[in-house]
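# Structure assessment
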Amino acid sequence: MLFSVVVPVYNVEKYLDECINSIIEQSKVIDNDLEILLLDDGSTDNSGSICDSYENKYPDLIRVFHKENQGLLATRRYGFKRASGKYIVNCDSDDLLEPDMLLKLKKVINKYTEPDVILFNYNYMVGDAKKVAYKNIFSVEPDIRVDKGSVLETFLKDHSVVSLCTKIYKRSCIDVDKDYSSFYKVSNGEDSLQSIELYNKAEAFVYINDELYDYRIGSGMTRRFDRNYYIGFKVVLEQIRNQKNRWNICDFEKLFAVKVVQTVGRAITQSRYGGWKSYTQQREYFTNIRKDEMVDNALSYLKSIKGYLQTDHYYLLTLLKFRLYFFICVLLHIKNTLCQIGRGKGK
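Residues numbered from 1 in each chain as written. Predicted model: local features only at pLDDT ≥ 70, side-chain atom pairs only at ≥ 80, totals over all residues. Heavy atoms only, no water.

Let us look at the pairing of strand 3 (residues 62-67). Each regular strand shows side chains that alternate between the opposite faces of the sheet. When strand 2 (residues 34-41) meets strand 3, the two strands line up parallel, connected through six bridges. Note on strand 3: the bridge partner recorded for L39 is F65. Between strand 2 and its parallel partner strand 3, the chain crosses via helix 2 (residues 47-57), and the hand of that crossover is right-handed. (Pairing = 2+ DSSP bridges. Helix = DSSP H or I, 4+ residues; strand = E, 2+ residues; numbered from the N terminus. Right-handed = clockwise from strand over helix to strand, strands pointing away.)

Given below as structure tokens:
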């Protein structure tokens, strides 16, 4: 079997049919050379029953597993261990595979004699509207071999090759028995964490300059604030930092600083949804991040890595660097006000 499509499922009854059908529709064009693993992570809505109905209808194609709720990381690892395909394809249960995705992947697998990892572009999806998230990451060519060093550098300096859903990889490139239980409580950075293992073991990489996956906006961190976002992600950042000698990348410290401040930038911007009771409370949140040694070191590179950062993140991070917390709060308040005015005009 060529492909194992691993689909973690948790309370997504609204989108699950569309997700599963986007995979099923591709089975015939690749001669049913795949299996679909639906992993119900203790759903409390009708998601589990929907999975069962598809298994009953397509018993030779779909396997369903019901398990206690443990989160995305544990559920994916559960699926990897039970997968039979040569390549792992990840699909979140509120997202979609683009039509002919698997056929295009199969052609590239044959063309490049079974590379370890195939990376590709993806779309952001809001309702039925799609917008290309990344393109021309490594080349303007339709497909091309990519050296491992370039992949690792890109992994550090932007988000284009982080998601497990925007790459497929040989099952042999991961240790399905590896114990990740100490990270099960990590709610952010799961894809980055598992990419470390994958990129360490893989040697042959191919890039397809085509959007093969549709990521649904609105079900992630948007407009939702986790006060422990940076602290949780720091566990993953520490694992990345530990790869310095193994990866042997020129300017590792500088590129690692990019990874850190991108994470901090997101922690700052999302804090505008924090519902703070006072300025003192919000300032304490920024102070705790600023005094972290990893953040302090990364901010020393801020000027030299400006080109890798979102403009708004750069200015907020500059204020953080000089501990100008009041002005961070003012800018975030202005952003909230402008958004509220914009939503009002849209009514």
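Quick look at the pairing of strand 1 (residues 3-9) now. Taking burial as the measure, the seven residues of strand 1 include seven buried ones, the bulk of the element. Judged by which residues are buried, strand 1 turns out to be covered on both faces: F3, V5, V7 and V9 on one side and S4, V6 and P8 on the other are all buried. Of the strand pairs in this sheet, strand 1 and strand 2 are connected by seven bridges, and their pairing is parallel. Looking across to strand 2, one finds that V7 is bridged to L38. Read as a crossover between parallel neighbours, the route from strand 1 over helix 1 (residues 16-24) to strand 2 is right-handed. The sheet contact formed by strand 1 and strand 4 (residues 87-90) spans four bridges and is parallel. Bridge assignment links S4 to a residue of strand 4, and that residue is I88. (Buried < 20%, exposed > 50% of the residue type's maximum accessible area, 1.4 Å probe, protein only.)

Taken together, the side chains of Y279, F322, L324, F326 and F327 define a hydrophobic patch exposed on the protein surface, amounting to about 510 Å² of accessible area. Mapped onto the fold, F322 is located in the loop between helix 12 (311-321) and helix 13 (325-345). Assessed through its relative accessible area of 54%, F322 is described here as exposed. (Patch = residues over 30% accessible without salt bridge, like charges linked within 9 Å, V, L, I, M, F, W, Y side chains within 5 Å. Areas by Shrake-Rupley, 256 points an atom, 1.4 Å probe, with all protein chains shown as cover. Salt bridge = Lys/Arg side-chain N within 4 Å of Asp/Glu carboxyl O.)

Take the environment of E35 next. Here E35 shows up in strand 2. Take E35: its relative accessible area is 6%, and that puts it in the buried class. Counting along the chain gives 27 residues from E35 to I62, while the straight-line C-alpha distance between them is 6.0 Å. When residues no more than four places from it in sequence are discounted, the contact partners of E35 are M1, F3, S4, V5, L61, R63, R82, A83, S84 and G85. Only 2.5 Å separates the side chain of E35 from the side chain of S4, close enough to count as a polar contact. (Contact = heavy atoms within 4.5 Å. Polar contact = N/O pair within 3.5 Å; in protein donor to acceptor, adjacent residues only side chain to side chain.)

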